[in-house]
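# Notes for the structure review
The residues making up each chain are set out below.
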Amino acid sequence: MGLTLGELAERTGTQVQGNAGLMISGVCTLQEGRADAISFLANPQYRKYLSGTQAGAVILTAGDAKDCSVPALLSNNPYVTYARVAALLYPLNDSVAGIHPSAVVATGSRIGHGASLGPLCVIEEGAQIGADVVIGPGCVVGRDVVIGAGTRLVANVTLCHGVQLGARCLIHPGAVIGSDGFGLANDQGHWLKVPQLGSVRIGDDVEIGANTSIDRGALEDTLIADGVKLDNQIQVAHNVQIGAHTAVAGCVGISGSAKIGAHCMLAGGVGVVGHLEIADGTVVTGMSMVTKSITKSGVYSSGLSAQPNDQWNKIAVRLRHLDDMARRLQALERRLGDKD
Amino acid sequence: MGLTLGELAERTGTQVQGNAGLMISGVCTLQEGRADAISFLANPQYRKYLSGTQAGAVILTAGDAKDCSVPALLSNNPYVTYARVAALLYPLNDSVAGIHPSAVVATGSRIGHGASLGPLCVIEEGAQIGADVVIGPGCVVGRDVVIGAGTRLVANVTLCHGVQLGARCLIHPGAVIGSDGFGLANDQGHWLKVPQLGSVRIGDDVEIGANTSIDRGALEDTLIADGVKLDNQIQVAHNVQIGAHTAVAGCVGISGSAKIGAHCMLAGGVGVVGHLEIADGTVVTGMSMVTKSITKSGVYSSGLSAQPNDQWNKIAVRLRHLDDMARRLQALERRLGDKD
Amino acid sequence: MGLTLGELAERTGTQVQGNAGLMISGVCTLQEGRADAISFLANPQYRKYLSGTQAGAVILTAGDAKDCSVPALLSNNPYVTYARVAALLYPLNDSVAGIHPSAVVATGSRIGHGASLGPLCVIEEGAQIGADVVIGPGCVVGRDVVIGAGTRLVANVTLCHGVQLGARCLIHPGAVIGSDGFGLANDQGHWLKVPQLGSVRIGDDVEIGANTSIDRGALEDTLIADGVKLDNQIQVAHNVQIGAHTAVAGCVGISGSAKIGAHCMLAGGVGVVGHLEIADGTVVTGMSMVTKSITKSGVYSSGLSAQPNDQWNKIAVRLRHLDDMARRLQALERRLGDKD
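Worth saying up front: this structure is predicted, and the values here are computed from it rather than measured.

### Structural notes on the overall build of chain A
Along its length, chain A carries five helices and 40 strands. For 340 residues, the compact-globule estimate of 2.2 N^0.38 gives 20 Å, and chain A exceeds it by more than 25% at 26 Å. In terms of principal-axis extent, the alpha carbons of chain A reach across some 85 × 60 × 35 Å. When burial is assessed residue by residue, chain A has 57% of its 340 residues classed as buried.

In structure tokens:
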């Protein structure tokens, strides 16, 4: 299976340079090119591989096209075009519509047209599965869950009762959506569970990574807006709100009732304290901790870079005495001031 | 379904102010009140919403009662009373006792009276399931596991062989209890697995969050005492001990053989080094790392707050030279001392 | 069941001191010894327990042997010998070869001799399961997965399509291997998914902990070499390479295309930024962040130790003004220089 360069151009809204009839059957890197595959040049660091590439064609900007000796697709955003081309050349292995005989589907559930329910999945009472939804093996879809058209649960995903997922979402294995929030009232030293009565509502085109967990709200709902992308191993606590098209990298923890804006980026290992707001368009770099609201978009950080341990230990010891150092510096300034 | 304010007062040991016959059928926030629902005022920040609330009734302290124009429940601890009221008004959806036909139950296991075994769960040889236990869909209960009365495994929980759970525990989806500890012996550069021969023993009234993992002990058992509450995405290594009524927030990692006291609180993202002890009642704030024993209860920290990236970068550069700065400060002090 | 001390010596290549006919049926700690069990002395901190031990025998070095009043195995590496002895005395509960009737096995898969497929596991089309492989309950083995001889998936493990596992691997519950990498192209503010077309290739003798996730490569494969040991709750992003015999502790996050050398050790909570290299034999201490390539093996750190909160708060405030402090120190140095 394959498409000609011309067909790819037409379907991705790009221009061909060179032989539009070239048949392309796959994608490849610039360094490890194949004659029947197309590569891309997005990161300038890889420009050095362009002249020698063995790829059949390359996706690049018009500005880079003059240095390209093989056929090309000209795009203002080569990486976006690459994503589209790759999706065309490698369509998802289409799951067969229908219900596997080993699936356990409650009689009171509704299964949309074209949906595929894999082996050993469980659909509980009152669940509504949209058209063309794919539920992979081992998934559990709880009571009254609603899943929009075209959404896929890959395998071993758990959706707790009442959770709502939009259309065209992609949920990776081990993800848990709608687990109880960590709501506890302290009753004379013992923790009393506070019933978690809200749910989780997730928009369209959301991707949720492997082993990520999203808790249901305490009273109102946890909200994940359209186009949000969550990586693996993320914890989203109860009543968090994440705005549209925000991307969150792996191992991030977001505490209860934090409200993350739209178009934000949280890098790996970031922690967000509860009950604060982060402005639209904010970027937080790796392993930083957001402890108060960010009202102005920008880049925020508190992560530290690893250094040779003997040097770091000296720094860490000095750091413990930093308040003392600051006082001594002030004292010197005062003494010198007196001398003037 | 509902209860009168008077019935709620009686069942929670609180006092009614106003119409004890008022029928309450749910809970709500102060801001988004409903006439048939009860709210609560625990956090002083929400006091401003009290006068205008549309809630049918409010749970609050006697001190706040004079400002409340709707019926009220007077409580010394409104949040605890709220938790009790919510549990009364929203009883858990009662799972039907019995074994789902798709469950795989080993003949040598014992299933208590009133237990509910959901679809596609697995109960292995020698497991003992207490009375009224609920095993949700997709859970795996290993050989010789013992589960106390009234405990619930929500869905897709894994209990490895020999694990013991107390009564009334609540285990959320994706939790893994009794996986092998990370025990390795270095044999000339290759890692040799050290068999993990202990188990995990968990007390009563313990809650364990989604995708949290608790490893079995190497020789002796990993121990989680009564009333411990663990949030999502937590790692508890082999031979850890966690004392009664300690609460651990999301994304915490506790290394092997660490001994956490009772009534501690570890905030999100905290790391605890192995083979140390933390005193009862200790609080560790977010993303801090505990590297040595804490013998005196108190609040401990090493987390840093995110700042604008350009400011943070300057700080990080200076930090790398902190040892040098300290030496230069000492040199100045010596010189000025010489001048005196 | 048991073995004599002489038999254990023969099978582990060690020397007996004392009664070689002593029957040993288990292992124990030095402190809580049992007459029919063998203990070990590897950590000098435990030497104080040697003289009073109730253990039937002890594994220790020839140097410690003179202080040992019970029979002993003399070893250059007592912990390695202990690991071997424990494996001999506690063989894994042998799973019965064969396919449980509730397992769902695609007709187009190949199941090796002696393999054991547990209850409610799913084996999809084209999968190749090696000899003596154990697939525990609830595991999902995707299309075209290849599993080498003797590998074990404990329970509820997910292997996505096309993943390759070597021989004698051990994969703990909740682990996900081959989930999509976090590949996104920004199309005018919206994230477009970049198809993840690579796979994951894992060598022999690899152990992967509970709820750990390893993403498939974007174009080429994510690679985990022979003998790598990954603890629980780890995130390995797409196109990461981990060299042979490297050990990674819990809660570590490794970003895309990072290349970790062989024989490295990453402690708990470490973060590794993407597209960098770490030299063979490198050690990174707890909760450090590696932000650039490490070309020289050694120990690297950036983690901070928790301190009493009031002290820490003072330090954190001073730290925010560190750049200012450095400037003021320079100013003082200049003034004093001027005075000389």
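### What to know about the relation of the copies chain A and chain C
Under the fitted operation, chain A is carried onto chain C by 0.0 Å of movement along the axis and a turn of 120 degrees, and the coordinates agree to an RMSD of 0.0 Å. In the structure described here, the two chain copies are related by an operation that fits a three-fold rotation axis. By residue overlap, the copies meet through two different surfaces: only 19% of the interface positions of chain A are interface positions in chain C.

### Some words on the sheet that holds strand β5 (residues 37–40) of chain C
Residues and elements named next belong to chain C. With mixed pairing, five strands are arranged side by side in an open sheet as β2-β7-β6-β5-β4. For this open sheet the edge positions go to β2 (15–17) and β4 (26–27), each flanked by a neighbour on one side alone. One ladder, built from three bridges, connects β2 with strand β7 (residues 72–74); its direction is antiparallel. Pairing of Gln-15 across the sheet is with Leu-74, part of β7. Helix-sheet contacts for helix α1 (residues 5–12) involve β2, β6 (57–60) and β7, and the interaxial angle to β2 is about 155 degrees.

### Examining the interface of chain A and chain B
The interface of chain A with chain B comprises 59 residues on the first partner and 58 residues on the second. No other element matches helix α5 (residues 322–339) of chain A, which puts five residues into the side of chain A that touches chain B. Classifying every residue of the side of chain A that touches chain B gives 28 nonpolar, 22 polar and nine charged. Pairing geometry for strand β39 (residues 299–301) of chain A and strand β40 (residues 307–308) of chain B, over two bridges, is antiparallel.

### As for the sheet that holds strand β28 (residues 229–230) of chain B
Strand order in this open sheet of 12 strands is β8(B)-β11(B)-β14(B)-β17(B)-β20(B)-β25(B)-β28(B)-β31(B)-β34(B)-β37(B)-β39(B)-β40(C), and the pairing throughout is mixed. If you trace the sheet from one side to the other, it starts and ends with β8 (98–99) of chain B together with β40 (307–308) of chain C, each paired once.

### Thoughts on the pairing of β6(C)
Residues and elements named next belong to chain C. Side-chain alternation along β6 places Ala-57 and Ile-59 on one buried face and Val-58 and Leu-60 on a second face that is also buried. Sheet topology places β6 next to β7; three bridges connect them, and they run parallel. Within β7, the residue paired with Leu-60 across the bridge is Leu-74.

### Observations concerning the packing of helix α1 (residues 5–12) of chain A against helix α3 (residues 78–89) of chain A
Residues and elements named next belong to chain A. Look at α1 against α3: their axes get within 10 Å of each other, and the N-to-C directions meet at 120 degrees. In this view, α1 runs oblique relative to α3, as classed from their interaxial angle. In terms of crossing hand, the pair formed by α1 and α3 is right-handed. Two secondary-structure elements touch here, α1 through Leu-8, Arg-11 and Thr-12 and α3 through Thr-81, Arg-84, Val-85 and Leu-88.

### Points about the domain arrangement of chain A
How large an interface is tends to be reported as the accessible area lost when its parts come together. When cut into domains, chain A gives domain 1 (3–89), domain 2 (98–300) and domain 3 (309–339). Here domain 1 of chain A and domain 2 of chain A have C-alpha centroids that lie 36 Å from each other.

### A few points about the interface of chain A and chain C
In this complex, chain A contributes 57 residues to the contact, which on the side of chain C involves 57 residues. Of all elements in the fold, only α3, β40 (307–308), α4 (309–320) and α5 of chain A reach the threshold of two or more residues within the side of chain A that touches chain C. Tallying contributions element by element places α5(A) first for the side of chain A that touches chain C, with seven residues.

### A word on the nonpolar core
In this structure, A:Val58, B:Val58 and C:Val58 are the most contacted members of the largest nonpolar core, which totals 346 residues. Every residue in contact with B:Val58, bar those within four places of it in the chain, is listed here: B:Ile38, B:Ser39, B:Phe40, B:Leu41, B:Leu50, B:Thr53, B:Cys68, B:Val70 and B:Ala72.

### What about α1(A)?
Residues and elements named next belong to chain A. For α1, every residue scored as buried is listed here: Leu-5, Leu-8 and Ala-9. Relative to the axis of α1, the buried residues are bounded by an arc of 100 degrees and lie together on one face. Residues of α1 that are buried make contact with β1 (3–4), β2 (15–17), β3 (23–24), β6 (57–60), β7 (72–74) and α3. Looking one or two places after α1, you find Gly-13, whose phi comes out positive at around 65 degrees.

### Regarding the environment of C:Ala127
Counting through the fold element by element, C:Ala127 comes out in the loop between β12 (122–123) and β13 (128–129). When residues no more than four places from it in sequence are discounted, the contact partners of C:Ala127 are C:Ser109, C:Val141, C:Arg143, C:Asp144 and C:Val145.

### Let's talk about the pairing of strand β23 (residues 190–193) of chain C
All names here are of chain C. Relative to β23, strand β22 (residues 184–187) runs antiparallel, the two sharing four bridges. Paired with Asn-186 across the bridge in β23 is Trp-191. Counted between consecutive antiparallel strands, the loop separating β22 from β23 contains two residues, among which Gln-188 sits at a positive phi close to 50 degrees.

### Examining unusual backbone geometry
If a residue is not glycine, its phi is most likely negative; likewise, a peptide bond is most likely trans. For A:Gln233, which is not a glycine, the phi torsion comes out positive at approximately 60 degrees. With respect to the helices and strands, the residue A:Gln233 is situated in the loop between β28 (229–230) and β29 (235–236). By the C-beta count within 10 Å, which is 31 here, A:Gln233 ends up buried. Phi is positive for B:Leu120, close to 55 degrees, though the residue is something other than glycine. Structurally, B:Leu120 is set in the loop between β11 (116–117) and β12 (122–123). Residue classification places B:Leu120 among the buried positions, given that 29 C-beta atoms sit within 10 Å.

### Some details on the environment of C:Asn93
All names here are of chain C. When you line up the elements, Asn-93 lands in the loop between α3 (78–89) and β8 (98–99). Asn-93 gets classed as exposed once you count the C-beta atoms within 10 Å, which come to 10. The spacing of Asn-93 and Val-140 is 47 residues in sequence and 22 Å in space, taken between C-alpha atoms.

### Considerations on the confidence of the model for chain A
With 99% of its residues at a pLDDT of 70 or more, chain A has an overall mean of 96. Reported confidence for the predicted complex is 0.97 by ipTM and 0.97 by pTM.

### Quick word on the environment of B:Gly130
Residue and element names in this part refer to chain B. If you trace the backbone, Gly-130 turns up in the loop between β13 (128–129) and β14 (134–135). Of the residues examined, Gly-130 has 21 C-beta atoms within 10 Å and is grouped as buried. Here the alpha-carbon distance between Gly-130 and Ala-115, two residues 15 residues apart in the chain, equals 7.1 Å. Once you skip the residues sitting within four places of it in the chain, Gly-130 turns out to touch Gly-112, Ile-147, Gly-148, Ala-149, Thr-151 and Ala-167.

What counts, and where the lines are drawn
- Residues numbered from 1 in each chain as written.
- Chains lettered and ligands numbered in written order.
- Predicted model: local features only at pLDDT ≥ 70, side-chain atom pairs only at ≥ 80, totals over all residues.
- Helix = DSSP H or I, 4+ residues; strand = E, 2+ residues; numbered from the N terminus.
- Rg over C-alpha atoms; globule rule 2.2 N^0.38 Å.
- Buried ≥ 20, exposed ≤ 12 C-beta atoms within 10 Å, placed from the backbone.
- Least-squares fit on C-alpha atoms with pLDDT ≥ 70 in both.
- Contact = placed C-beta atoms within 7 Å.
- Pairing = 2+ DSSP bridges.
- Axes fitted to C-alpha atoms, helices over the stretch in contact; angles between N-to-C directions.
- Nonpolar A, V, L, I, M, F, W, Y, C, P; charged D, E, K, R; others polar.
- Parallel < 35°, antiparallel > 145°, perpendicular 65-115°, else oblique.
- Left-handed = near helix turned anticlockwise from the far one by under 90°.
- Domains from an automatic or database assignment.
- Core = buried A, V, L, I, M, F, W, Y, C linked by C-beta atoms within 7 Å.
- Arc of directions from axis to C-beta.
- pLDDT = per-residue confidence, 0-100.

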